[in-house]
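Coordinate analysis (summary)
Each chain, written out:
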Amino acid sequence: MNWVILFVAGLFEIAWAIGLKYTEGFTRLWPTVGTVFSMIASFLLLGMAMKSLPVGTAYAVWVGIGAVGTALLGIILFGDSAQPLRVASLCLICAGIVGLKLAHA
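Residues numbered from 1 in each chain as written. Predicted model: local features only at pLDDT ≥ 70, side-chain atom pairs only at ≥ 80, totals over all residues. Heavy atoms only, no water.

Below, the discussion takes up the packing of aromatic side chains. All told, the structure shown has four aromatic pairs when counted by the stated rule. With a centroid separation of 6.0 Å and an interplanar angle of 75°, the aromatic rings of Phe 12 and Phe 37 are classed as edge-to-face. On the criterion of sequence distance, the pair formed by Phe 12 in helix H1 (residues 2-23) and Phe 37 in helix H2 (residues 29-49) is long-range, its members being 25 residues apart. Taking the relative accessible area as the measure of exposure, Phe 12 reaches 24% and is therefore partly exposed. (Phe/Tyr/Trp six-rings, centres within 6.5 Å; stacked < 30°, edge-to-face > 60°. Helix = DSSP H or I, 4+ residues; strand = E, 2+ residues; numbered from the N terminus. Buried < 20%, exposed > 50% of the residue type's maximum accessible area, 1.4 Å probe, protein only.)

Here it is in structure tokens:
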């Protein structure tokens, strides 16, 4: 169950990272509220997952989910670069996340 909690924490990390773009420097109320909510939820869920998962593994997986998800949404929503080397690098991060999960099993 803690892996599911960690995954959801990673989704909230993606939400707050993307939300930062929409806050326009925290000048827009509702995007700011959503971003702050997502930050709090992400940290709380990460803390819950760390009760039974190793700190290094949990943190690396959380950051990896956030980094890959945010980069992919940046490509989709904001037209960020999708150069092959960049996409390959994101795939390597995914491989690392899977490796950490398998190593913990």
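Its 22 residues place the ends of H1 31 Å apart at the C-alpha level, agreeing with the 32 Å of an ideal helix rising 1.5 Å per residue. Within H1, the full set of buried residues consists of Trp 3, Ile 5, Leu 6, Ala 9, Gly 10, Glu 13, Ile 14, Trp 16, Ile 18, Gly 19 and Thr 23. On its buried face, H1 is in contact with H2, helix H3 (55-78) and helix H4 (84-104). After H1 finishes, the residue Glu 24 shows a positive phi value of roughly 50°. (Expected span 1.5 Å × (residues − 1). Contact = heavy atoms within 4.5 Å.)

The subject of this paragraph is the pattern of salt bridges. Counted under the stated rule, the structure contains one salt bridge. A salt bridge links Glu 24 to Arg 28, with the nearest nitrogen and oxygen atoms 3.9 Å apart. Its relative accessible area of 53% is what places Glu 24 among the exposed residues. Taking the relative accessible area as the measure of exposure, Arg 28 reaches 36% and is therefore partly exposed. (Salt bridge = Lys/Arg side-chain N within 4 Å of Asp/Glu carboxyl O.)

Turning our eyes to something else, we now look at the side chain of Thr 32. Assignment of secondary structure puts Thr 32 in helix H2. Note on Thr 32: relative accessible area 15%, which makes it buried. A distance of 2.6 Å separates the side chain of Thr 32 from the backbone oxygen of Arg 28, its partner in a polar contact. (Polar contact = N/O pair within 3.5 Å; in protein donor to acceptor, adjacent residues only side chain to side chain.)

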